[in-house]
Amino acid sequence: MNTSARGFAARAISLLAASLLITGSAAAQENTIRIGYQKSSTLTLIAKARGTLEKSLAAQGYKIHWAEFTSGTPLLEAVNVGSIDVSADVADTVPVFAQAAGADITYVALETPSPEAQAILVKPDSPLKSIADLKGKRIAVTKGAGVHLLVTKALESAGLTLKDVELAYLQPADGRAAFERGSVDAWAVWDPFFSEVQKASSVRVLADGKGLTPYQRFYLGSKSFVTKNPQAVKAFFDEISATGKWAKANPKAAAEVLAPVVGTDAATVERANSRRSLDVRNVQPAVFEEQQKIADTFVALAVLPKPVVTKNAAVWVPAK
């Protein structure tokens, strides 16, 4: 077993033990769907706050048990070990890392590209004026997140590689702390963390994903759960899709619903949401061409230890 897979397995064992506390008696109920999310799971959190997802799944005979995670990687680890049934949206890089570690996941849906919803930030008085200036500098980034790819592609655009910088692998809260105290030169982060730091302090965007990486977000599930519970998966998909349409048509109302959930003000949430497509669709085979490019990029850089064939992942197809 390679180092990456061993690390994934070790974290998975810890998550499995923790899940006994997380899920409690709810996980033992036959008709409970365990949904994992993170702070950037915009549509899932709106549907949760409005109660519409509970209502839709209750109509199919399911209760929801919710669990929050710091980012997409531990969320998919929880799906892999069976403590979570369905994952709210994670960045396009995350399932690639999960596949490399042998996770048995199923793609359920995607949110179409939102390249400007993630960025590489520096302080306004930073001497760094371009991506090329990052050479030899320290960048805070969450490993396996969409910003990991953003940093990689941004450096490539300036003729640099990850070997030309020092990456500090940090979760968003720790990344922000390191950025604000000056222990890193730049911070790569996504919304709503991006919008929150824009509100709280002056920052300068060195680069966002536009022209560099599409930044699609995927909803995934445990293969066994998706196979055995197609009606629950369809209810989940339909409600999240409808929530995206509602949020796009009602940006202020959506921001007001989401703001207390994520712990910030509505104007900050509205700015974050404006950079997201909020357009949920079924996963089509062509999407794996982009996923394969992501996998190949990280394999070439030895960030992933072995080749990954992304199209080998299962895909949920709604019954006609």
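Calculation criteria
Residues numbered from 1 in each chain as written. Predicted model: local features only at pLDDT ≥ 70, side-chain atom pairs only at ≥ 80, totals over all residues. Heavy atoms only, no water. Buried < 20%, exposed > 50% of the residue type's maximum accessible area, 1.4 Å probe, protein only. Helix = DSSP H or I, 4+ residues; strand = E, 2+ residues; numbered from the N terminus. Pairing = 2+ DSSP bridges. 1 Å grid on protein atoms, 1.4 Å probe; cavity = no way out; pocket = protein on both sides within 12 Å on 5 of 7 lines; lining within 4 Å. Points joined across faces, edges and corners; volume = space filled by probe spheres on them. Axes fitted to C-alpha atoms, helices over the stretch in contact; angles between N-to-C directions. Parallel < 35°, antiparallel > 145°, perpendicular 65-115°, else oblique. Contact = heavy atoms within 4.5 Å. Nonpolar A, V, L, I, M, F, W, Y, C, P; charged D, E, K, R; others polar.

A.B. asks: Quick question: what am I supposed to make of the pairing of strand S10 (residues 217-222) here?
C.D. replies: A large share of S10 lies buried, amounting to six of its six residues. Relative to S10, strand S3 (residues 86-91) runs antiparallel, the two being bridged by four bridges. When the sheet's bridge partners are listed, Ala-91 is paired in S10 with Arg-217. As paired strands, strand S4 (residues 105-111) and S10 are joined by six bridges and run antiparallel to one another. Directly across from Ile-105, in S10, lies its bridge partner Ser-222.

A.B. asks: Even after reading the chapter, I still don't get empty space enclosed by the protein, so can you show me in this structure?
C.D. replies: Any space left empty among the atoms is revealed by the rolling of a water-sized probe across them. For the structure shown, the criterion picks out three cavities of 30 Å³ or more. Quantified by volume, the largest cavity comes out at close to 60 Å³. Lining the largest cavity, in full, are Lys-39, Ser-40, Thr-42, Asp-191, Pro-192, Leu-258, Val-262, Val-269, Ala-272, Asn-273 and Arg-276. Listing elements by their share of the lining of the largest cavity, those giving two or more residues are helix H11 (251-262) and helix H12 (266-274).

A.B. asks: Just to check I follow, could you spell out the packing of helix H2 (residues 42-50) against H11 for this structure?
C.D. replies: The geometry of a pair of packed helices is captured by two quantities: the angle between their axes and the separation between those axes. Following both chains from N to C, one finds H2 and H11 inclined at 95 degrees, their axes separated by 9 Å at the closest point. It follows that H2 is roughly perpendicular to H11 by the angle criterion. On H11, the residues that touch Thr-42, Leu-45, Ile-46, Ala-49 and Arg-50 of H2 are Ala-254, Val-257, Leu-258, Val-261 and Val-262. Of the residues in the contact of H2 with H11, the class split is eight nonpolar, one polar and one charged.

A.B. asks: Looking at this structure, how should I read the sheet that holds strand S8 (residues 186-190)?
C.D. replies: Sheets are built from strands paired through backbone hydrogen bonds, the pairs being either parallel or antiparallel. Spatially, the five strands line up as an open sheet ordered S7-S6-S8-S5-S9, and their pairing is mixed. Each edge of the open sheet is held by one strand with a lone partner, namely strand S7 (166-169) and strand S9 (204-208). In this sheet, neighbouring strand axes are inclined to one another by 30 degrees on average, regardless of whether the strands run parallel or antiparallel. Alignment of strand S5 (residues 118-122) against S8, held across four bridges, turns out to be antiparallel. The partner of Leu-121 across the bridge, within S8, is Trp-187. Sheet strands touched by helix H6 (residues 146-157): S5, strand S6 (138-141), S7, S8 and S9. Its angle to S5, the strand with the most contacts, is close to 65 degrees. Its contacts with the sheet place helix H7 (residues 172-181) against S5, S6 and S8, and it is angled at close to 150 degrees to S8.

A.B. asks: Quick question: what am I supposed to make of the environment of Tyr-37 here?
C.D. replies: With respect to the helices and strands, Tyr-37 occurs in strand S1 (residues 32-37). The class of Tyr-37 is buried, set by a relative accessible area of 11%. Residue contacts for Tyr-37: discarding those within four places in its chain leaves Leu-45, Lys-48, Trp-66, Ala-67, Glu-68, Phe-69, Leu-75 and Ala-88.

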